[in-house]
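Chains, contacts and geometry: an overview
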Amino acid sequence: DAGVTQSPTHLIKTRGQQVTLRCSPKSGHDTVSWYQQALGQGPQFIFQYYEEEERQRGNFPDRFSGHQFPNYSSELNVNALLLGDSALYLCASSLEVAGAYEQYFGPGTRLTVT
Amino acid sequence: QQQVKQSPQSLIVQKGGIPIINCAYENTAFDYFPWYQQFPGKGPALLIAIRPDVSEKKEGRFTISFNKSAKQFSLHIMDSQPGDSATYFCAASYMSGTYKYIFGTGTRLKVLA
């Protein structure tokens, strides 16, 4: 059973550019969440997608947007990149079963903005 | 109220020791508390989780102790091994309503051989 996969592994962009990160959830999972993890910090919630809609959003600007496809895979888009956007971007998938809601993380995409 | 405070920031123990990592929260509406292990360059991996209706949960060498009245919970790693050297994160969430996890700042654990 494949776990959560993310692509690309690493990415280097210039300030002002746009970037798209991709995530495939664990088999059978229908919910995808995105987190930003700055170096030495805990992950910070960006947003969550369920049934192809944004269900909840964290404290991130509108430059961060996303999408979920019918096969439950997801994309994270960041426009007008800033140096401060450099971080590890994590995707987590989950499936609510009998009140349990465990999130399983992918390996992340390391984004460097120069 | 949305914060989860984690301590210590770093921890060094000898092989076989029992490192203890502590977390505290303010929001009494939280009802799900997972712990994650993260190795350098990897995503966090779910270790163990607890609901507030139990005071302790064990899975292998990992134990969560939960004190609802103090709004604190902790991770104990029994018979620690050098392979346990990693960063550990606690988190808190609601099982319904909102779905995001609030993470602590992490504890970097080093187990000496």
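Everything below is about the structure printed above this text.
Now for a look at the structure at hand. Just so we're clear, the structure is a prediction, and the values are computed from it rather than from any experiment.

1. Things to note about the environment of lysine 71 of chain B
Residue and element names in this part refer to chain B.
- Among the secondary structure elements, lysine 71 is positioned in the loop between strand S7 (62–67) and strand S8 (72–77).
- Using a relative accessible area of 22% as the deciding quantity, one classes lysine 71 as partly exposed.
- For the pair formed by lysine 71 and glycine 17, sequence separation is 54 residues and the distance between their alpha carbons is 26 Å.
- Discounting residues that sit within four places of it in the chain, lysine 71 has contacts with Cys23, Ala24, Tyr25, Glu26 and Thr28.

2. Here we look at the interface of chain A and chain B
- Taken together, the contact between chain A and chain B spans 22 residues of the former and 18 residues of the latter.
- Roughly 1600 Å² is buried in total at the junction of chain A and chain B, and carbon and sulfur atoms are behind 56% of that figure.
- Sorting the residues of chain A by area buried against chain B places Gln56, Tyr101 and Phe105 of chain A first, and these three jointly supply 28% of that buried surface.
- At the junction of chain A and chain B, the tally comes to zero salt bridges.
- Counting across the chain A and chain B interface gives five residue pairs in polar contact (both at pLDDT 80 or more).
- Elements with a contribution of two residues or more to the side of chain A that touches chain B: strand S4 (31–37), strand S5 (44–50), strand S6 (53–57), strand S9 (87–94) and strand S10 (103–105) of chain A.
- In terms of residue count, the dominant contributor to the side of chain A that touches chain B is S10 of chain A (three residues).
- The class makeup of the residues in the side of chain A that touches chain B is ten nonpolar, nine polar and three charged.

Cut-offs used in this document
Residues numbered from 1 in each chain as written. Chains lettered and ligands numbered in written order. Predicted model: local features only at pLDDT ≥ 70, side-chain atom pairs only at ≥ 80, totals over all residues. Heavy atoms only, no water. Helix = DSSP H or I, 4+ residues; strand = E, 2+ residues; numbered from the N terminus. Buried < 20%, exposed > 50% of the residue type's maximum accessible area, 1.4 Å probe, protein only. Contact = heavy atoms within 4.5 Å. Buried area = accessible area lost by both parts, 1.4 Å probe. Salt bridge = Lys/Arg side-chain N within 4 Å of Asp/Glu carboxyl O. Polar contact = N/O pair within 3.5 Å; in protein donor to acceptor, adjacent residues only side chain to side chain. Nonpolar A, V, L, I, M, F, W, Y, C, P; charged D, E, K, R; others polar.

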